[in-house]
Amino acid sequence: MNKTITVLPGDGIGPEVIKAAQKVLDTVAEKFSHQFTYQNAKIGGVAIDEDGTPLPQETIDLCKKSDGVLLGAVGGPKWDTLPGHMRPERGLLGIRKALELYANLRPVTAHKSLLDASTLKREVIEGVDLMIVRELTGGLYFGQPQERRQENDGESVVDTLYYKNYEIERIIRQAFELARLRRKKVTSVDKANVLESSRVWREIAIAVHADYPDVELEHMLVDNAAMQLIRDPKQFDVVVTENMFGDILSDEASMLTGSLGMLPSASINGNGPGLYEPIHGSAPDIAGKNLANPLATILSVAMLLRYSFLMQEEADAVETAVTKVLEAGYRTGDIAEKGQPVLSTEEMTEKVIEHI
Ligand code: ATP
Ligand code: MG
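Residues numbered from 1 in each chain as written. Chains lettered and ligands numbered in written order. Predicted model: local features only at pLDDT ≥ 70, side-chain atom pairs only at ≥ 80, totals over all residues.

> How should helix α6 (residues 165-180) be read in this particular structure?
Working note: α-helix, 3.6 residues per turn, so residues spaced by three or four point in the same direction. For α6, spanning 16 residues, the distance from its first C-alpha to its last is 23 Å, which sits close to the expected 22 Å at 1.5 Å a residue. Burial in α6 covers these residues: Ile168, Ile171, Ile172, Gln174, Ala175, Phe176, Leu178 and Ala179. On its buried face, α6 is in contact with β4 (103-109), β5 (129-135), β8 (185-190), α7 (196-209) and β10 (238-241). (Helix = DSSP H or I, 4+ residues; strand = E, 2+ residues; numbered from the N terminus. Expected span 1.5 Å × (residues − 1). Buried ≥ 20, exposed ≤ 12 C-beta atoms within 10 Å, placed from the backbone. Contact = placed C-beta atoms within 7 Å.)

> Any chance you could explain the site of ligand 1 here in plain terms?
Neighbouring ligand 1 are 15 residues, the closest being Gly261, His280, Gly281, Ala283 and Asn293. Per-class residue counts for the shell around ligand 1 are 7 nonpolar, 6 polar and 2 charged. (Near = placed C-beta within 6 Å. Nonpolar A, V, L, I, M, F, W, Y, C, P; charged D, E, K, R; others polar.)

> Any chance you could explain the environment of His111 here in plain terms?
Relative to the helices and strands, His111 resides in the loop between β4 and α5 (122-125). In sequence terms His111 and Met244 are 133 residues apart; their C-alpha atoms lie 27 Å from each other. Sequence-distant contacts of His111, defined by excluding residues within four places in its chain, comprise Thr323 and Leu326.

> Explain unusual backbone geometry here, please?
Most peptide bonds adopt trans geometry, and most residues besides glycine take a negative phi value. A cis amide bond links Gln144 to the next residue, Pro145, at an omega of 5 degrees. With respect to the helices and strands, the residue Pro145 is situated in strand β6 (residues 139-151). One non-glycine residue, Ser33, lies in positive phi territory at about 55 degrees. Assignment of secondary structure puts Ser33 in the loop between α1 (14-32) and β2 (35-40). Residue Glu100 is not a glycine yet carries a positive backbone phi of 50 degrees. Inspection of the secondary structure assignment puts Glu100 in the loop between α4 (88-98) and β4.

> Any chance you could explain the domain arrangement of the chain here in plain terms?
In many analyses, interface size is given as the accessible surface area lost on bringing the parts together. For the chain, the assigned domains are domain 1 (1-107 + 260-356) and domain 2 (119-132 + 162-257). Between the C-alpha centres of domain 1 and domain 2 the distance comes to 25 Å. Taken together, the contact between domain 1 and domain 2 spans 10 residues of the former and 10 residues of the latter. Among the residues forming the side of domain 1 that touches domain 2, the class breakdown is 7 nonpolar, 2 polar and 1 charged. (Domains from an automatic or database assignment.)

> Could you clarify how one ought to interpret the sheet that holds β5 in this entry?
Hydrogen bonding along the main chain pairs the strands of a sheet, whether they run parallel or antiparallel. Pairing is mixed across the open sheet formed by 10 strands, whose spatial order is β2-β1-β3-β12-β11-β4-β5-β10-β8-β9. The sheet terminates laterally at β2 and β9 (216-221), the two strands that pair on one side only. Taken over all neighbouring pairs, the strand axes of this sheet differ in orientation by 25 degrees on average, direction set aside. With 5 bridges joining them, strand β1 (residues 2-10) and strand β3 (residues 68-73) adopt parallel strand pairing. Of the residues in β3, the one forming a bridge with Thr6 is Val69. Sheet contacts for α1: β1, β2, β3 and β12 (274-278); angle to β3, the most-contacted strand, approximately 145 degrees. (Pairing = 2+ DSSP bridges. Axes fitted to C-alpha atoms, helices over the stretch in contact; angles between N-to-C directions.)

> How should I be thinking about the nonpolar core in this particular structure?
Buried together is how nonpolar side chains tend to be arranged in soluble globular proteins. Of all hydrophobic cores here, the largest spans 96 residues; its most connected members are Val24, Leu70, Val133, Ala175, Ile298, Val301 and Val318. Counting residues per element, this core draws most heavily on helix α10 (residues 295-308), which supplies 10 residues. Counting only domains with at least three residues in this core, you end up with domain 1 (1-107 + 260-356) and domain 2 (119-132 + 162-257). In this structure Val24 touches Ile298, Val301, Val318, Val352 and Ile353, once residues within four positions along its chain are discounted. (Core = buried A, V, L, I, M, F, W, Y, C linked by C-beta atoms within 7 Å.)

> Which parts of the structure should I look at to understand the UniProt feature "site: Important for catalysis" (unreviewed entry) in the chain?
Here the UniProt-annotated "site: Important for catalysis" (unreviewed entry) positions come out as Tyr141 and Lys191. Tracing the backbone shows Tyr141 in strand β6. Discounting residues that sit within four places of it in the chain, Tyr141 has contacts with Asn243 and Met244. Counting through the fold element by element, Lys191 comes out in the loop between β8 and α7. C-beta crowding within 10 Å serves as the criterion here: with 19 such atoms nearby, Lys191 is assigned to the partly exposed category. In this view, Lys191 contacts Ser198, Leu221 and Val222; residues no more than four positions away in its chain are not counted. (UniProt positions renumbered as here; feature names shortened; annotations may be inferred.)

> I keep staring at the packing of α1 against α10 and nothing clicks. Help me out?
Two quantities define a packed helix pair, namely the angle between the axes and the distance from one axis to the other. Relative to each other, α1 and α10 sit at 45 degrees, their axes nearing to 8 Å. With respect to their mutual orientation, α1 and α10 come out oblique. For α1 against α10, the interelement crossing comes out right-handed. Within the contact between the two elements, α1 uses Val17, Ile18, Ala20, Ala21, Val24, Leu25 and Val28 and α10 uses Thr297, Ile298, Ser300, Val301 and Leu305. (Parallel < 35°, antiparallel > 145°, perpendicular 65-115°, else oblique. Left-handed = near helix turned anticlockwise from the far one by under 90°.)

Next up, the structure:
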């Protein structure tokens, strides 16, 4: 197959981990006889420096004209003093909006060979393999009004949790579709005991479930879900939830596995190109030193192959290679334990490529 990929290296360690990911993509193309064409574009700090904006129109146009977008990371101390609307992070929010990426997928897998690197007990995290599906373009973070007010009896403030029913339906449908590719269980997380929006969320989840009788559906209150993620994370397969609940739960869940350098993510919309990126930031402290762990970005490539290109076998090959490399004891600095030799970004990438 022929696929065009827009590559947004961004700032800090972004260009290093993106280079690693592209090498992996090249290897997949060669082994499975595909043709991947890359088009590079600017986002974040590098775009501010060169074009005066964190998200040039040209970048949006290139992304829209591609089959998938691969992003490194944006931001760094150099741009921290700029006003909010000029920050590198604006580029990221902007591209999510421009591509209407309403579903954010964050898999959390406890790699067997990294269990000791986690702060949690081995028996709790062993075998964890879950996916948080967070609604990304609506809910409490975008509802209007969002403002401070002067009232007769003093100042007040309002945020609004707003959804159109179709926005709830499409994210829940996405979760069921994903569950079908996995262990066929969806946990819908809400706060239906106090929020009207959650009661509608729950009604819609039940209605959509009728189309997926082969998938199990359970409802869980968000406070309980936060507790269960730490107490017994193995019970979860696909977790679907509102924007803010998902923001909090996905960060909580990411700590189950140990390192930021291991966790991929996908933001998709079902029709157009999806955006794939590691969940870590630009890590300015190690940028340019060939020290960054490339595995989060390489695993994001696996998600790109799986969800945007529907190349299951290719995605499996990349994920299996990562598992084998870890099993063989290869480590970058962030996941190495005492006494283990530490590989550079490039060496780690070579090891993954050897195993594909
Ligand atoms: P941002 O605001 O962009 O999220 P941050 O400082 O909050 O930045 P990161 O940039 O993700 O978060 O870095 C947090 C810490 O984790 C840093 O010390 C960084 O070196 C480390 N880190 C992050 N990603 C990696 C990686 N891929 N490999 C090794 N270490 C990493
Ligand atoms: Mg951060």
